[in-house]
Amino acid sequence: MQRYTFSKKILMDINMALEKNFSILMAGGGTGGHLFPGIALAKAFQEKNPETKIHFFVPGTSVDKMILSSTHFSFTMNPMRSLPKSYTKYCDFFCRFFLGWHKTFHAFRRCKPDLVVGLGGYGAFSAGYVSQKYNIPLVLLEANRIAGKAVKYLSKDCERIYTSGEIQGVSGAKVRPLGIPIRFSNLQGKSKNTADKKSTTILVMGGSLGAQCINEALVKALPFLVGLKNKIKFIHLCGKDAALIEKEYQKNGLAYQVYPFYQNMEELYLASDIVVSRSGGSTLSEITAMGMPSILVPFARSADGHQEANALAMEKAKASLVIREAELTGELLASKVEELVLGKEKISLMSSASLSLAKPFAARDIVCDIYDLLEKRNYCL
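Rules used in this analysis
Residues numbered from 1 in each chain as written. Predicted model: local features only at pLDDT ≥ 70, side-chain atom pairs only at ≥ 80, totals over all residues. Heavy atoms only, no water. Helix = DSSP H or I, 4+ residues; strand = E, 2+ residues; numbered from the N terminus. Buried < 20%, exposed > 50% of the residue type's maximum accessible area, 1.4 Å probe, protein only. Contact = heavy atoms within 4.5 Å. Areas by Shrake-Rupley, 256 points an atom, 1.4 Å probe, with all protein chains shown as cover. Pairing = 2+ DSSP bridges. Axes fitted to C-alpha atoms, helices over the stretch in contact; angles between N-to-C directions. Core = buried A, V, L, I, M, F, W, Y, C linked by side-chain atoms within 4.5 Å. Right-handed = clockwise from strand over helix to strand, strands pointing away. Salt bridge = Lys/Arg side-chain N within 4 Å of Asp/Glu carboxyl O. Parallel < 35°, antiparallel > 145°, perpendicular 65-115°, else oblique. Left-handed = near helix turned anticlockwise from the far one by under 90°. Nonpolar A, V, L, I, M, F, W, Y, C, P; charged D, E, K, R; others polar.

> Residue-level account of the overall build of the protein chain, with values.
Per the secondary structure count, the protein chain includes 14 helices and 13 strands. Residue burial in the protein chain is summarised as follows: out of 381 residues, 51% are buried. Taking as baseline every contact in the protein chain between residues at least 6 positions apart, the subset at least 24 positions apart corresponds to 64%. Carbon and sulfur atoms make up 54% of the accessible area of the protein chain, which amounts to about 18,300 Å² in all.

> How would you summarise the sheet that holds strand β4 (residues 115–118) if you had to cite specific residues and measurements?
As summarised here, the arrangement of the seven strands in space is β3-β2-β1-β4-β5-β6-β7, forming an open sheet in which the pairing is parallel. Both edges of this open sheet fall to β3 (74–77) and β7 (175–176), since each of them pairs with a single strand only. Note: strand β6 (residues 160–162) against β7, two bridges, orientation parallel. Of the residues in β7, the one forming a bridge with Ile161 is Val175. Helix α2 (residues 32–48) rests against β1 (23–27), β2 (53–58), β4 and β5 (138–141) of the sheet, and its axis sits at about 170° to β2.

> Lay out the nonpolar core in plain terms, naming residues and giving numbers.
Of all hydrophobic cores here, the largest spans 33 residues; its most connected members are Ile202, Leu225, Ile232, Phe234, Tyr249, Ile295 and Leu333. Among the secondary structure elements, those contributing two or more residues to this core are β8 (200–204), α7 (212–221), β9 (232–237), α8 (242–252), β11 (274–277), α12 (330–341) and α13 (344–356). The next biggest cluster of nonpolar side chains, apart from the first, holds 30 residues, and it includes Ala42, Phe73, Tyr162 and Tyr371.

> Could you give an account of the pairing of β5, naming the residues involved and the relevant values?
Here β5 shows two buried faces, one formed by Leu138 and Leu140 and the other by Val139 and Leu141. Handedness of the crossover joining β4 and β5 through helix α5 (residues 125–133): right-handed. Here β5 pairs with β6 via three bridges, running parallel. Across the sheet, residue Leu140 finds its bridge partner in β6, namely Ile161. Crossover connection from β5 via helix α6 (residues 149–154) to parallel β6: handedness right-handed.

> Break down the pattern of salt bridges for me, with residues and values.
All told, the structure shown has nine salt bridges when counted by the stated rule. Among the salt bridges present, the one from Lys152 reaches Asp304, with a minimum N-O distance of 3.6 Å. With Lys152 in helix α6 and Asp304 in the loop between β12 (294–296) and α11 (306–316), the pair connects residues that are 152 residues apart, well separated along the chain. On the accessibility criterion, Lys152 (29% relative accessible area) is partly exposed. Among the residues examined, Asp304 registers a relative accessible area of 45% and is labelled partly exposed. Of the charged contacts, one joins Arg324 and Glu308 as a salt bridge, the two residues approaching to 3.0 Å between their closest N and O atoms. Pair noted here: Arg324 is in the loop between β13 (320–322) and α12 and Glu308 is in helix α11, with a separation of 16 residues, a long-range link.

> Describe the side chain of Thr201, naming the residues involved and giving the relevant values.
You can see Thr201 is positioned in strand β8. According to the relative accessible area criterion, Thr201 is buried, its value standing at 10%. When near neighbours in sequence (up to four residues on either side) are disregarded, Thr201 contacts Lys233, Ile235, Ala271, Ser272, Asp273 and Ile274.

> Give me the lowdown on the sheet that holds β12, citing residues and values where you can.
Backbone-to-backbone hydrogen bonds pair the strands of a sheet. The strands run either parallel or antiparallel. Ordered by their spatial adjacency, six strands build an open sheet running β10-β9-β8-β11-β12-β13, and the pairing between neighbours is parallel. Of all the strands in the sheet, just β10 (255–259) and β13 have a single pairing partner and so form its edges. Along the sheet, successive strands turn relative to each other by an average axial angle of 15°, direction set aside. Here β8 pairs with β11 via three bridges, running parallel. Bridging across to β11, Ile202 finds its partner in Ile274. Contacts from α12 reach β8, β9, β11, β12 and β13 within the one sheet, and its direction differs from that of β12 by about 165°.

> Any chance you could break down the side chain of Thr200 for me, citing the residues and the numbers?
Along the polypeptide, Thr200 turns up in strand β8. For Thr200, the residues in contact, after removing those within four places along its chain, are Lys231, Ile232, Lys233, Asp273, Ile274, Val341, Lys344 and Ile347.

> Describe the packing of helix α4 (residues 90–111) against α5, listing the residues and the values that go with them.
Taken N-terminus to C-terminus, the directions of α4 and α5 make an angle of 60°; their axes are 10 Å apart at the nearest point. With respect to each other, α4 and α5 are oriented oblique. Once α4 is placed against α5, the crossing between them reads as right-handed. Of α5, the residues touching α4 (which contributes Trp101, Thr104, Phe105 and Phe108) are Phe125, Ser126, Ala127, Tyr129, Val130 and Ser131. Residue classes in the contact of α4 with α5 are distributed as seven nonpolar, three polar and no charged.

Next up, the structure:
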């Protein structure tokens, strides 16, 4: 009995030693929609084992730098860019392409990863390819209903694809619909109830740095909403031109808070009753986790129309109202806002529908699934 206990202790010590050296490369980014789930997943890995080493390999856009600079994670910039539409930009594309491979191998030498997580976007391609060539386990996050090009290509030899639900373009055998990690953990955990509230707060946003067409439509919608000025408030994440948008709210006498960017999105979700937004997959994961009813304006030029597919799935579940970008006008947006503000019961029903789609503990569940996967396939943890 003593010998068994002693042997078991040695085995536990060896496992702990191996865990301390566990290293993960998070590859992809370029937008908050790709990057925020990666950061949430990285934090979940370090909650399970604080000694886990995490390094990000990102395209190095202004969004990447702004977001990662506020975290404790190290990162390397990948100069690769997506294929340009103009032939005049091909020279720059190929220079960046070959430099990107050099940076990719540099990131692997620096991180020495035991696992590569593809976050989506063109920034995930080279790291995912190298991981497969060197037999390093690769898992992918795909927040959208239609898989992106990098995910489609890398899915052939990856271990897992984590999604929020059904997805087109990849093998179903590798899909695990555990959800997409979200950037906060203190969830409201219940549907919105605005019946007793004197005013309704509308959160307007369009991704990390705003969306111009939503900003323009909202400004044009304000004159149609003046009659509701005692019943509505706005929180508006607009990106640029914050001063000009503030003037429009002031001119129409509506209560507002305008921000170019806001780091603590959980705070804004909790303060709001309705969201007007694009329909990127990671945004919808947050909206549903908070049980938010929404008015969605899918980005018309999203790859393979994935934002429209995302939005229509939300509409089918009765969690959202959808306005296609080609149909978006100030008057139509105002009518949708008015429909919800004056229909408190509809807000409640949409909120419940939104919450029914939520997978708020995706980060924790994905980490557990990855540990289980690697243990079964005899990879060192």
